[in-house]
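Architecture and fold: a report
Here is how the chains run, residue by residue.
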Amino acid sequence: MDTAAPETDVARLVKTYQAGVWRYLRALGCEASTADDLTQETFLTVLEKPFSDFNPAATAAYLRTVARN
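Criteria and cut-off values
- In this convention, every chain numbers its residues from 1, walking through the sequence in written order.
- Note on the predicted model: pLDDT of at least 70 is required for a residue's local features to be given, and 80 or more for side-chain atom pairs to be given and counted; whole-chain, interface and lining totals, by contrast, use all residues.
- The side-chain figures draw on all heavy atoms in the structure; neither hydrogens nor water molecules are used.
- Only DSSP runs of H or I with at least four residues qualify as helices, and only runs of E with at least two residues qualify as strands; both kinds are numbered from the N terminus onward.
- Buried means the residue's accessible area, taken with a 1.4 Å probe over protein chains only, is under 20% of the maximum for its type, while exposed means over 50%, and partly exposed covers the values in between.
- As used here, the term nonpolar core means buried Ala, Val, Leu, Ile, Met, Phe, Trp, Tyr and Cys residues forming a set that is joined through side-chain atoms within 4.5 Å.
- Here, two residues are considered to be in contact whenever any of their heavy atoms come within 4.5 Å of each other.
- Under this definition, polar contacts are N or O atom pairs within 3.5 Å; protein pairs additionally need one hydrogen-donor-capable and one acceptor-capable atom, and for neighbouring residues in sequence, both atoms have to be side-chain atoms.
- Salt bridge criterion: a side-chain nitrogen from Lys or Arg within 4 Å of a carboxyl oxygen from Asp or Glu.
- Any helix carries an expected span of 1.5 Å times its number of residues minus one.
- Here the arc refers to the directions that run from the helix axis out to each C-beta atom.

What about the side chain of Asp53?
Within the secondary structure, Asp53 is located in the loop between helix H2 (32-48) and helix H3 (56-68). Accessibility expressed as a relative area gives 12% for Asp53, which makes it buried.

Considerations on the nonpolar core
Formed by 13 residues in total, the largest nonpolar core has its most connected members in Leu13, Tyr17, Val21, Leu25, Phe43, Val46 and Leu63. Put simply, the parts of the chain that give this core at least two residues each are helix H1 (10-27), H2 and H3. Discounting residues that sit within four places of it in the chain, Tyr17 has contacts with Phe43, Asp53, Asn55, Pro56, Thr59, Ala60 and Leu63.

Observations concerning the environment of Thr59
Tracing the sequence through the fold places Thr59 in helix H3. On the basis of relative accessible area, Thr59 is assigned to the buried category, the value being 1%. Considering only alpha carbons, one finds Thr59 and Tyr17, 42 residues apart in sequence, at a separation of 8.5 Å. When near neighbours in sequence (up to four residues on either side) are disregarded, Thr59 contacts Leu13, Tyr17, Phe51, Asp53 and Phe54. One polar contact links Thr59 to Asp53, side chain to side chain, over a distance of 2.4 Å.

Remarks on the pattern of salt bridges
Going through the model one piece at a time under the given rule, you end up with 1 salt bridge. In this structure, the salt-bridge partner of Arg12 is Asp53, at a minimum N-O distance of 2.5 Å. Pair noted here: Arg12 is in helix H1 and Asp53 is in the loop between H2 and H3, with a separation of 41 residues, a long-range link. The class for Arg12 is partly exposed, based on a relative accessible area of 35%.

Comments concerning H3
Along its 13 residues, H3 runs 18 Å from first to last C-alpha, staying within 8% of the 18 Å computed at 1.5 Å per residue. Thr59, Ala60, Leu63, Val66 and Ala67 are the residues of H3 that are buried. Down the axis, H3 shows its buried residues gathered within 125 degrees of arc, on one side only. The elements touched by buried residues of H3 are H1 and H2.

Have a look at this one:
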């Protein structure tokens, strides 16, 4: 049985979660252009380190945390 973390498909990760991160940043009060920039920075930050997409709820929560910080 393979217990290794699943590899992250970057394109799928961005396509799946980009809109949610952007909407979260807008809900926090960011202007649209700022939310665009911070969304991009969120994914760059996450992908700089090893990251595994184990399940959608955990991934979405993690991305919101990174975006907020």
